[in-house]
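Observations on chain architecture
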Amino acid sequence: MTAATEQPVSPVPSGSAQRRVPTRRNAELLLLLLAMVLVTVFSAAVEEGLTGGVSPDFWVPPLLLTLVFLVAHIAVRILTPYADPAILPCVALLNGIGVSFLRRLDLGRQPAAQRANYSSFAGDGFHQFTWTIIAIVVAIVALVIIRDHRTLSRYAYTLGFAGIVLVLIPAVLPGRFSEINGAKLWIRVGGFQIQPGEFAKLLLLSFFAYYLVRKREVLSLASKRILGIDFPRARDLGPVLVVWGLSLMVLVVEKDLGTSLMYFGMFVATLYVATERVSWLIIGLLLFFGGTFLANVLGATVGGPFANFHQRVEIWLNPFDPKLVNTTGYQLVQSLLGLGTGGLFGSGPGVGNPSKVPFVKNDFIFAGIGEEIGLFGLTALLLVYLVFVERGLRTAIAVRDSFGKLLAGGLAFTFALQVFVMVGGVTKLIPLTGQTTPFMSAGGSSLMANWLLAAMILRISDSARRPVVEAPAAAAPKLSGLATEVVRP
Amino acid sequence: MNAPLRRVGVVVLILFALLFINLNWVQGYKANAYRNDPHNGRVLLSEYQRERGRILLAGGEVAAQSVATTDNLKYQRRYPLGAAYAQVVGYKPVTGAATGIERAENDFLAGTADSLFTERVKDLFTGNRTPGGNVLLTIDKKVQDAAYNGLLTNQKGVTSGAAVALDPKTGKILALTSIPSFDPNPLVSHDTTAAGAAYTRANSAAGNPLLLKATGDVYPPASTMKVIISAAALSSGQYTPQTPIPATNSYSPIPGSGHPITNSSPNTCPQPTLTLLEALTVSCNTAFARLGVTLGADQVTSMAQAFGFEDGGLTITGTDNQSMPVAASHTGDLSDKNFLAQSSIGQYNVRESPMQNALIAATIANGGVQMRPYLVDKLQAPDLNIISTTQPKTLRTPIQPQVAAQLQDMMVSVVQNGTGQNAQIPGYRVGGKTGTAQNGEGADAHGWFIGWAMKDNQPIVAVCVFLQQAGPGGSAEAARIGGNIMQAAISEKGPN
């Protein structure tokens, strides 16, 4: 199938190239301003809740955020004029609420009398704001450099190799350079720390997309039929097993179920999209659950590197166990109690006690916010995430080239998976993992990586909606299944 | 590739649906359980944001109050009156369960009770946090101090005991205390480690200081049981105080089986018969054992139950609050004549709480009408308006007025001429009954005294004093302490 036959929602039928396509940039601006109104109201409510009044300069942080996001909006106007208009406002809303909530935590740590005078340019909130600026700059630079997402496929092997190196660095580094709170996911130098896995995700995905576009024919056609399901040949399983091994290694050595689940889920999902073979999903799920089950059993019996995972499963099964409730299960218990205390409507911004949950500013920010905005607020927040994901998938469906489809679909699904793993973890749906909540958790790596992810989706959606000027078959078919890697921008 | 992409979209929707369902479970269905979970410190923080109401004695003395602090929990609970009031007032620790009135009236003190709804609505507009409501107790400081200090300074060196004083006409509890007690202040420290250590200390101390023995435990009532036997006899219509009943120094209900009943000394009642009044005055065991067997188990148990035995539902706070129950008193197994004879003199398996025993004295003083005992006189809103006043309530009428009058005469005789002479108060009509409870081989006997004081045919106060393992002379010492408690109550009511 060629990409040209597969564009049901393309705004312009290919061929009638000169018709004007709405860019929807003004809709984006409107949505963005609406999001910033929400962030401003949230900030005001936080001040009211914490200090009993709104200080005259409460609007400073939200206004600065608005300005930064407006810059991003202008960049989108110039660099990706046809991009999906819902993506930037979603990201801005999540990022803005995240910064405001971190500032709320800063204020909450101050003695009550000094809160009203707390500087707008201090604490984790401002730190995160600075990271937001850096992340947006990085995202804009990426959009400037990558004028066409297909460029990435040219460097696929390089990117894939870089991705694997990034995954492996924390595993091989000694614990004191890589371990924070039991998870070896970091590179720590001096006071500076980055989480390379966040970036590895994007790099690996670019490689997967390229590799699978090339191999999809083989993977989907050469198969044996067992019980009505097409199973691949044993030798074609190689790459899947490599990724499976890699993610299990992450689970065991870096002690992080979330990242492991993320890599593997990301790979299986793109594999499935590329081959359209359900058998890959079945194999993938069996391998993953088999692997985790084995890791749990080994953790219970052998211990050693598996003990951490087993411990997390134990906490997940019964966090209120008297042996766990004040020790290793404390975090999850406090998260659940906070969410429960918030109930349907929440205690109100600034009125709850999110600081009762350890690590509320990064891993548990969702629980902290949930206590204050309640079930209804969290549902709204999750819907914003869902809109972002669905716009990403929509982009994948709309874009014409297979590489773009796989990349956008993979990015959107990986993002969804991360939200699921994190929110599911803090609400005891699945065992807790060390993932960050995209766009909200404090931390530069995560924020920057997710802004890059958003930039890539913007870039692909721009190309999906951009009216086709030249002959549509010029570039795309070359990529699909051909040995050549030359792609003209 | 679009078909699988759409299916991936469906998978994403399913994943998010799982999150939504789970969130509904956590924040909807389980919300209340999590909110009130003992591991949840949030509720506590918000509870400590509001100044908790005060607990005041009848004369306005502060027994519990909250003072502002500078730490996270804005108010520190303090109990200025200390150990003498600790078991009644209770304590409200930062973690763990509250006790006493602090527990029983927690909603009102914390300001979350329905009756304080309008206060909270006002808060919404003013933005203040109005303090919780105040609880005004019936406890009288003079009477309570006399009771507690009387117990503490008893001349038998007893370390464990209890005392109750009631207003017979209303059921107001004037004093309710037991020894050993404890200082509640360290238990409510905001330093939860120190508070936990203080609790462990109090909980493991000898004599169980945390237990309010006056209501929380039951003991063999010994000769105070003879009042119930007398009441049963008089109520049967076949006896008057002057009816002669058989006595002698030894009585075997079933000859040749079990220990014969004897008296405390061979001089107590060696004569073949003596009147019912004389038998009670000298506390003649053989006479009452025989009398109980003659009346039969049914009459004994029904009179005991008429006075409140076997009632596990009695509580002593405001109206229907269940959190300060009185342990049920029991007559035990009376199926055998030996058992019945032993039980008639308050031994074998008869068990009675000091509160129940005080109620019996109060009922007799009040002409046969038993008033429900209560601790909470009034509930007061933070603006000092009285929100509710507990109305005295008749609990039971176990005996007719003329039987009550006869029993009064007999009990006066005990204090005038018999075993209860230590309780005499010049110028007042004082009745009572002592008891010395055998308490297993080798252990010292418990000393009991129940009594009341009247003036111009109006009852003023009824008391019960219990000294655990006081040994010989314990009941006489109990009578002395009882007399002092009644004296304190009389002085509070003025000279009339």
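In this text the structure is predicted, and so the values were computed from the model without any measurement. (Residues numbered from 1 in each chain as written. Chains lettered and ligands numbered in written order. Predicted model: local features only at pLDDT ≥ 70, side-chain atom pairs only at ≥ 80, totals over all residues. Heavy atoms only, no water.)

1. Re the overall build of chain A
Across its full length, chain A carries 17 helices and 6 strands. When burial is assessed residue by residue, chain A has 59% of its 489 residues classed as buried. Within chain A, contacts between residues at least 6 apart in sequence are counted, and of these 74% link residues at least 24 apart. Carbon together with sulfur atoms contributes 68% to the accessible area of chain A, which is approximately 19100 Å² in total. (Helix = DSSP H or I, 4+ residues; strand = E, 2+ residues; numbered from the N terminus. Buried < 20%, exposed > 50% of the residue type's maximum accessible area, 1.4 Å probe, protein only. Contact = heavy atoms within 4.5 Å. Areas by Shrake-Rupley, 256 points an atom, 1.4 Å probe, with all protein chains shown as cover.)

2. Re the sheet that holds strand 13 (residues 386–389) of chain B
In sheet architecture, strand pairing relies on hydrogen bonds along the backbone and comes in two forms, parallel and antiparallel. All names here are of chain B. Taken together, 6 strands build an open sheet; the order of strands is 3-2-1-4-12-13 and the sheet is mixed. Edge strands, defined here as strands with exactly one partner in the open sheet, are strand 3 (75–78) and strand 13. With 4 bridges connecting them, strand 2 (residues 62–68) and strand 3 associate as antiparallel partners. Directly across from Gln65, in strand 3, lies its bridge partner Arg78. (Pairing = 2+ DSSP bridges.)

3. Focus on the interface of chain A and chain B
With 55 residues of chain A at the contact, the number on the chain B side is 31 residues. Roughly 3800 Å² is buried in total at the junction of chain A and chain B, and carbon and sulfur atoms are behind 72% of that figure. At the surface where chain A touches chain B, the tally comes to 0 salt bridges. Between the two partners, chain A and chain B, sit 11 residue pairs in polar contact (both at pLDDT 80 or more). Top element by residues in the side of chain A that touches chain B is helix 14 (residues 365–398) of chain A. It accounts for 16 residues. Along the lines of polarity and charge, the residues of the side of chain A that touches chain B split into 32 nonpolar, 15 polar and 8 charged. (Buried area = accessible area lost by both parts, 1.4 Å probe. Salt bridge = Lys/Arg side-chain N within 4 Å of Asp/Glu carboxyl O. Polar contact = N/O pair within 3.5 Å; in protein donor to acceptor, adjacent residues only side chain to side chain. Nonpolar A, V, L, I, M, F, W, Y, C, P; charged D, E, K, R; others polar.)

4. Some points on the side chain of B:Asp377
Residue and element names in this part refer to chain B. Examined against the element boundaries, Asp377 turns out to sit in strand 12 (residues 376–380). Among the residues examined, Asp377 registers a relative accessible area of 13% and is labelled buried. One polar contact links Asp377 to Lys378, side chain to side chain, over a distance of 3.5 Å. If we ignore the near neighbours within four places in the chain, the residues touching Asp377 are Leu136, Leu137, Thr138, Lys172, Ser388, Thr389 and Thr390.

5. Some words on the pattern of salt bridges
Residues and elements named next belong to chain A. One pass over the structure, following the stated rule, counts 19 salt bridges over all chains. The partner of Arg150 in a salt bridge is Asp148, with the nearest N and O atoms 2.7 Å apart. Of the two residues, Arg150 and Asp148, neither departs from the other in class, the shared state being buried.

6. With respect to the environment of B:Ala478
Mapped onto the elements of the fold, B:Ala478 is located in helix 18 (residues 474–493). Taking the C-alpha atoms as reference, B:Ala478 lies 5.8 Å from B:Trp448; in sequence the two are 30 residues apart.

7. Concerning the confidence of the model for chain A
Taken over all residues, the pLDDT of chain A has a mean of 83, while the share at 70 or more is 86%. Here residues 471–482 of chain A is a poorly scored stretch, pLDDT under 50, and it has 20 contacts once near neighbours within four places are set aside; other chains count. (pLDDT = per-residue confidence, 0-100.)

8. What to know about unusual backbone geometry
Comment: phi is negative for the bulk of residues other than glycine, and the bulk of peptide bonds are trans. All names here are of chain B. Residue Pro180 follows Ile179 across a cis peptide bond; omega there is -5 degrees. For Pro180, the position within the fold is in the loop between strand 6 (173–179) and helix 9 (192–204). The backbone of Gln469 sits at a positive phi, close to 50 degrees, despite the residue not being glycine. Position of Gln469 among the secondary structure elements: in the loop between strand 17 (458–467) and helix 18. Using a relative accessible area of 42% as the deciding quantity, one classes Gln469 as partly exposed.

9. Observations regarding helix 11 (residues 225–235) of chain B
The element helix 11 of chain B is largely enclosed, with a buried count of 10 among its 11 residues. Directly after helix 11 of chain B, the chain includes B:Gly237, whose backbone phi takes a positive value near 85 degrees.

10. Considering the sheet that holds strand 17 of chain B
All names here are of chain B. Sheet architecture is open: 5 strands sit in the order 6-5-17-16-15, paired in antiparallel fashion. What marks the edges here is a single partner per strand, and that holds for strand 6 and strand 15 (429–437). Neighbour-to-neighbour, the strand axes of the sheet open up by a mean angle of 5 degrees, direction not taken into account. Direction of pairing for strand 5 (residues 161–166) relative to strand 6: antiparallel, over a ladder of 6 bridges. Bridging from a neighbouring strand, Leu166 pairs with Ile173 of strand 6. Those strands touched by helix 17 (residues 401–417) are strand 15 and strand 16 (446–455), and its axis lies near 75 degrees from that of strand 15. Relative to the sheet, helix 18 contacts strand 5, strand 6, strand 15, strand 16 and strand 17, its axis offset from that of strand 17 by approximately 145 degrees. (Axes fitted to C-alpha atoms, helices over the stretch in contact; angles between N-to-C directions.)

11. Some thoughts on the nonpolar core
Counting residues in hydrophobic clusters, the biggest one holds 152 residues, and the most contacted among them are A:Leu382 and A:Trp451. The element best represented in this core is helix 14 of chain A, accounting for 18 residues. Those residues in contact with A:Leu382 that sit more than four places away from it in its chain are A:Phe366, A:Val419, A:Val423, B:Phe16, B:Leu19, B:Phe20 and B:Leu23. (Core = buried A, V, L, I, M, F, W, Y, C linked by side-chain atoms within 4.5 Å.)

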